[in-house]
Amino acid sequence: MVCLVTDRLLHSGDIVDYVVFRAVCSAWRACTPTPRERGPALRDPGLRQRDWIALCDGDSVRPDDAGEIDLFHTRTARRLRVRVPDLGDRRIVGFSEGLLVLVHKATAEIRVLNPFTCVAVDFPSLASVYPETIKYRCAFLAMRATVCSAASSSSIAVVVCFPYTDSVLAAEAGSNHWEILHRQLFVSNTLVFQGRLYATTTMASSWEIVQLYPPTPRRPMLDLPVAVAQAPNICGRPVRHHIDLVESRGQMLLIARHHVAPTSANISAYSPTKWWLLK
């Protein structure tokens, strides 16, 4: 009976209930594996909490200073505050697939952490690629990291995007170096969908959706990934609108936000915004 309950808890995708269930008594803990035993490499999908999102600045206190993070469950509206001891020496640079991505403030080492089970996987330092690829401190401070399924093993991978230099790096768990995926690719928004990482980017006068990871074949004569889809030109030049990828009920959706210029009669008013939702 205990095994049946635990299987259903993990199948529901909420690791929090599994942790609470094991905490009831020593007998239940003895006949159920710990989260670390089930997924030491964070690859087990049953140990992910995809319905949880991080509210990193919901109380105007930096997680680095508070040493904890607020998490919100999108289906049940449940809210939890979880203590993360690693935040003393690290800062948060990403939250995806229910996992935190942290960078060490002194060594630039990357760590992926499950905030509920404290299972962690370490990745190489970014120091070796800093002079050639990252180059600027502002790019390092504004970096965005995402966790997705590894391309060549049953583990996980981290993909890091750097604004200002438009560089994209990736590394798999257990690797000792970072692979340079792209050097001149502007990434506006990313989404992990079915284990793959997709991104929106601008090409000439339109928005495109590309697959960042696993890497795809490049375009002829260009160091750019082949477009998976092209966003319809429904609101003019890309400079006047923004495109976001989101997931809802197992579908990838495209949200277009268009800033409308104010009329001459109401030039002082704040520019209104139009929204489009596309499948």
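In this text, all values refer to a predicted model and were calculated from it rather than measured experimentally.

**Quick look at the pairing of strand 13 (residues 196–203)**
Link 1 in the chain: Within strand 13, six of the eight residues are buried, which leaves it mostly tucked inside the rest of the structure.
Link 2 in the chain: When strand 12 (residues 189–193) meets strand 13, the two strands line up antiparallel, connected through five bridges. When the sheet's bridge partners are listed, Phe 193 is paired in strand 13 with Arg 196.
Link 3 in the chain: Hairpin connection from strand 12 to strand 13: two residues lie between these consecutive antiparallel strands, with Gln 194 at a positive phi of about 55°.
Link 4 in the chain: Note: strand 13 against strand 14 (residues 206–213), seven bridges, orientation antiparallel. The partner of Thr 202 across the bridge, within strand 14, is Trp 207.

**Considering the sheet that holds strand 1 (residues 52–55)**
Link 1 in the chain: In spatial order, the strands read 1-2-3; together these three strands make up an open sheet with antiparallel pairing. Every interior strand has two partners, whereas the edge strands, strand 1 and strand 3 (79–83), have only one. Averaged over all adjacent pairs, the angle separating strand axes in this sheet is 35°, with direction ignored.
Link 2 in the chain: As judged from the four bridges shared by strand 1 and strand 2 (residues 68–73), these two strands associate in the antiparallel manner. The residue of strand 2 that forms the bridge with Ala 54 is Leu 71.

**So, the confidence of the model for the chain**
Link 1 in the chain: Per-residue confidence for the chain gives a mean pLDDT of 78; residues scoring 70 or more make up 73%.
Link 2 in the chain: Here strand 18 (residues 273–278) stands out as the least confident element of the chain, with mean pLDDT 56; strand 6 (residues 109–113) is the most confident, with 94.
Link 3 in the chain: Low pLDDT, under 50, characterises residues 266–271; the stretch is placed with four contacts to residues that sit more than four places away or in other chains.

**Re the pattern of salt bridges**
Link 1 in the chain: Taken as a whole and judged by the stated rule, the model has five salt bridges.
Link 2 in the chain: Among the ionic pairs, Asp 70 bridges to Arg 81, the shortest N-O distance being 2.7 Å. Taken together, the positions of Asp 70 in strand 2 and Arg 81 in strand 3 put the pair eleven residues apart, joining distant regions of the chain.
Link 3 in the chain: On the basis of relative accessibility, which here comes to 4%, the residue Asp 70 falls in the buried class.
Link 4 in the chain: Looking at Arg 81, the relative accessible area reads 44%, which means it is partly exposed.
Link 5 in the chain: With its nearest N and O atoms 3.1 Å apart, the salt bridge here joins Glu 132 to Arg 183. With Glu 132 in helix 6 (residues 130–134) and Arg 183 in the loop between strand 11 (179–182) and strand 12, this pair connects stretches of sequence that are 51 residues apart.
Link 6 in the chain: Accessibility expressed as a relative area gives 36% for Arg 183, which makes it partly exposed.
Link 7 in the chain: One network of salt bridges, in which partners are shared, links Glu 68, Asp 70, Arg 79 and Arg 81.

**Some details on the environment of Trp 178**
Link 1 in the chain: Counting through the fold element by element, Trp 178 comes out in the loop between strand 10 (167–172) and strand 11.
Link 2 in the chain: Judged by relative accessible area, Trp 178 falls into the buried class, the value being 6%.
Link 3 in the chain: A C-alpha to C-alpha distance of 9.9 Å links Trp 178 and Val 168, two positions ten residues apart in sequence.
Link 4 in the chain: With sequence-adjacent residues up to four places away left out, Trp 178 is seen in contact with Ile 110, Phe 123, Pro 124, Ser 125, Leu 126, Val 129, Val 158, Val 160, Leu 169, Ala 170 and Ala 171.
Link 5 in the chain: A distance of 3.1 Å separates a polar side-chain atom of Trp 178 from the backbone oxygen of Pro 124.
Link 6 in the chain: Polar side-chain contacts of Trp 178 include one of 3.4 Å to the backbone oxygen of Ser 125.

Procedures and definitions
Sequence order as written defines the numbering, with residues in each chain counted from 1. This being a predicted model, a pLDDT of at least 70 is required before a residue's local features are given, and a value of 80 or more before pairs of side-chain atoms are given or counted; all residues contribute to the totals for chains, interfaces and linings. Hydrogens are left out, water is left out, and the side-chain values use all remaining heavy atoms of the structure. Throughout this description, buried means an accessible area under 20% of the type-specific maximum (1.4 Å probe, protein chains only), exposed means over 50%, and partly exposed covers the range between. Each helix corresponds to a stretch of at least 4 residues labelled H or I by DSSP, and each strand to a stretch of at least 2 residues labelled E; elements are numbered beginning at the N terminus. A pair of strands counts as paired when DSSP detects no fewer than two bridges linking them. Fitted lines through C-alpha atoms give the axes, limited to the stretch in contact for helices. The angle between two N-to-C directions lies from 0 to 180 degrees. A score from 0 to 100, pLDDT tells how confident the predictor is in each residue. Only heavy atoms matter for contacts: two residues are in contact if any of them lie within 4.5 Å across the pair. A pair is scored as a salt bridge if a Lys or Arg side-chain nitrogen falls within 4 Å of a carboxyl oxygen belonging to Asp or Glu. Under this definition, polar contacts are N or O atom pairs within 3.5 Å; protein pairs additionally need one hydrogen-donor-capable and one acceptor-capable atom, and for neighbouring residues in sequence, both atoms have to be side-chain atoms.

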